[in-house]
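Listed below, chain by chain, are the residues.
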Amino acid sequence: MRIIVAMDIIGGKCVRLTRGDFGTKKVYNDDPVRVAQEMQDNGVKYIHIVDLDGARSRKLVNLDVLESVAKSTSLKIDFGGGIRSSKDIRSVFSAGAQQVTAGSIAANNPKLFLTWLKEFGPEKIILGADGSGGKISTCAWTEVSDNDIVTFVTKFRELGVKYCICTDIDKDGMLEGPSLDLYRDILRKTDICLIASGGITTMHDIEELRSSGCEGAIIGKAVYEGRLSLKQLGEQC
């Protein structure tokens, strides 16, 4: 199972939110490149960068952070937030991302999402399936749709998606453990490569996700709050 460390960006700084609420923003570091280098120095190989400014404003804002991290490390980068056009996605890949996560577009403009899937291939495009109460949320989690999360993921797997990041918003930033039941439900119904996100706090959580069959696990606040060390995570890579 891939161990992926999250890096959420607002105003060029590393931050974390709780349940996606921008009012809970906490800045952890002013220098994303230094943070990324520390990840690499401890053996971490994968990073999930989210442009939160971009997600909220529906346009790319922190592309320079992606470019700087890509130039300064050999981390494999998945990038999401603010991607709304084919021009945007090409810019993200040109800046150094190996994979792109698209959630709002998949929910609101599936035709465009599938165009990207065909053009760039299933190894490069990750389906974002974030939600609360079992329903998909979009646009920096400010809008809730009628799409059932499990049905949404299953449908896109049938259309050729290989990877999916699924975040239970109710768990995100709470440091109370991941939504294991949701992930197990998804994996019972589809063979998608599922990347769990939200609430992962302990090594036991990681082992539970591995046993459940998840392809990856994204750890964010637990690292920045010192619950899990980069060294511990690096040893799992």
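What counts and how
- Residues numbered from 1 in each chain as written.
- Predicted model: local features only at pLDDT ≥ 70, side-chain atom pairs only at ≥ 80, totals over all residues.
- Heavy atoms only, no water.
- Helix = DSSP H or I, 4+ residues; strand = E, 2+ residues; numbered from the N terminus.
- Buried < 20%, exposed > 50% of the residue type's maximum accessible area, 1.4 Å probe, protein only.
- Contact = heavy atoms within 4.5 Å.
- Areas by Shrake-Rupley, 256 points an atom, 1.4 Å probe, with all protein chains shown as cover.
- Polar contact = N/O pair within 3.5 Å; in protein donor to acceptor, adjacent residues only side chain to side chain.
- Core = buried A, V, L, I, M, F, W, Y, C linked by side-chain atoms within 4.5 Å.
- Axes fitted to C-alpha atoms, helices over the stretch in contact; angles between N-to-C directions.
- Parallel < 35°, antiparallel > 145°, perpendicular 65-115°, else oblique.
- Left-handed = near helix turned anticlockwise from the far one by under 90°.
- Phe/Tyr/Trp six-rings, centres within 6.5 Å; stacked < 30°, edge-to-face > 60°.
- Nonpolar A, V, L, I, M, F, W, Y, C, P; charged D, E, K, R; others polar.
- Pairing = 2+ DSSP bridges.
- Arc of directions from axis to C-beta.

1. Topic: the overall build of the protein
When you go through the protein residue by residue, the secondary structure sums to eleven helices and twelve strands. In terms of principal-axis extent, the alpha carbons of the protein reach across some 40 × 40 × 35 Å. For the protein, buried positions account for 57% of its 237 residues. Long-range contacts, defined here as pairs at least 24 residues apart, represent 65% of the contacts in the protein between residues at least 6 apart. For the protein, the exposed surface amounts to about 10000 Å²; the carbon and sulfur share of it is 44%.

2. So, the side chain of Thr-201
Checked against the element boundaries, Thr-201 lands in the loop between β11 (193-197) and α9 (203-212). At 2.7 Å, the side chain of Thr-201 and the backbone oxygen of Gly-199 are in polar contact. Leaving out residues up to four positions away in the same chain, Thr-201 has contacts with Leu-175, Glu-176, Gly-177, Ala-222, Arg-227 and Leu-228.

3. Looking at the nonpolar core
Within the largest apolar cluster, 65 residues are counted, with the highest numbers of intra-cluster contacts made by Met-7, Met-39, Ile-49, Phe-113, Ile-186 and Ile-219. For this core, the element with the most residues is helix α7 (residues 149-158), which contributes five residues. Discounting chain neighbours no more than four positions away, the residues touching Ile-49 are Met-7, Ile-9, Leu-66, Val-69, Ile-77, Asp-78, Phe-79 and Gly-80.

4. Side note on the packing of helix α8 (residues 180-189) against α9
Two elements in contact, α8 and α9, have axes whose closest approach is 10 Å; the angle formed by their N-to-C orientations is 15°. Here α8 lies roughly parallel to α9, going by the angle between them. For the pair α8 and α9, the sense of crossing is right-handed. Of the residues in α9, those in contact with Leu-180, Tyr-183, Arg-184 and Leu-187 of α8 are Glu-208, Leu-209 and Ser-212.

5. Focus: the packing of aromatic side chains
Evaluation of the coordinates by the stated rule reveals four aromatic pairs. Taking the centre distance of 5.1 Å and the plane angle of 45° together, the rings of Phe-93 and Phe-120 count as tilted. Here Phe-120 lies in helix α6 (residues 110-120) and Phe-93 lies in helix α4 (residues 86-94), a separation of 27 residues in the sequence. Ring plane angle 80° and centroid distance 5.3 Å describe the contact between Phe-113 and Phe-156, whose orientation is recorded as edge-to-face. With Phe-113 in helix α6 and Phe-156 in helix α7, this residue pair connects regions lying 43 residues apart in the sequence.

6. Quick look at the packing of α7 against α8
At a minimum axis distance of 10 Å, the contact between α7 and α8 shows a crossing angle of 35°. As α7 packs across α8, the resulting crossing turns out to be right-handed. Across the interface between the two elements, Ile-149, Val-150, Val-153 and Thr-154 from α7 touch Leu-182, Asp-185, Ile-186 and Lys-189 from α8. Grouping the amino acids of the contact of α7 with α8 by side-chain chemistry returns five nonpolar, one polar and two charged.

7. A short note on the pairing of strand β2 (residues 13-18)
With five of six residues buried, β2 lies mostly within the body of the structure. Pairing of strand β1 (residues 2-10) with β2 involves three bridges; the strand directions are antiparallel. Residue pairing across strands places Ile-9 opposite Cys-14, the latter belonging to β2. Hairpin connection between β1 and β2: a loop of two residues separates the two successive antiparallel strands, and Gly-11 in this loop has a positive phi of roughly 60°. Alignment of β2 against strand β3 (residues 21-29), held across four bridges, turns out to be antiparallel.

8. Some details on α6
Considered for burial, the residues of α6 that qualify are Leu-112, Phe-113, Trp-116 and Leu-117. Buried residues of α6 fall within an arc of 145° about the axis and therefore sit on the same side. More than 90 degrees from the buried face of α6, the exposed residues found are Lys-111 and Lys-118. Next to the buried residues of α6 lie α4, β6 (99-102), α5 (104-108), β7 (125-132) and α7. One or two steps after α6, the chain reaches Gly-121, where phi turns positive at roughly 95°.

9. Quick word on unusual backbone geometry
Not every positive phi belongs to a glycine, and Arg-19 is a case in point at roughly 55°. Residue Arg-19 is classed as partly exposed on the basis of its relative accessible area of 43%. Of note in this structure, Leu-175 is not a glycine but carries a positive phi near 55°. Residue placement: Leu-175 occurs in the loop between β10 (163-168) and α8.

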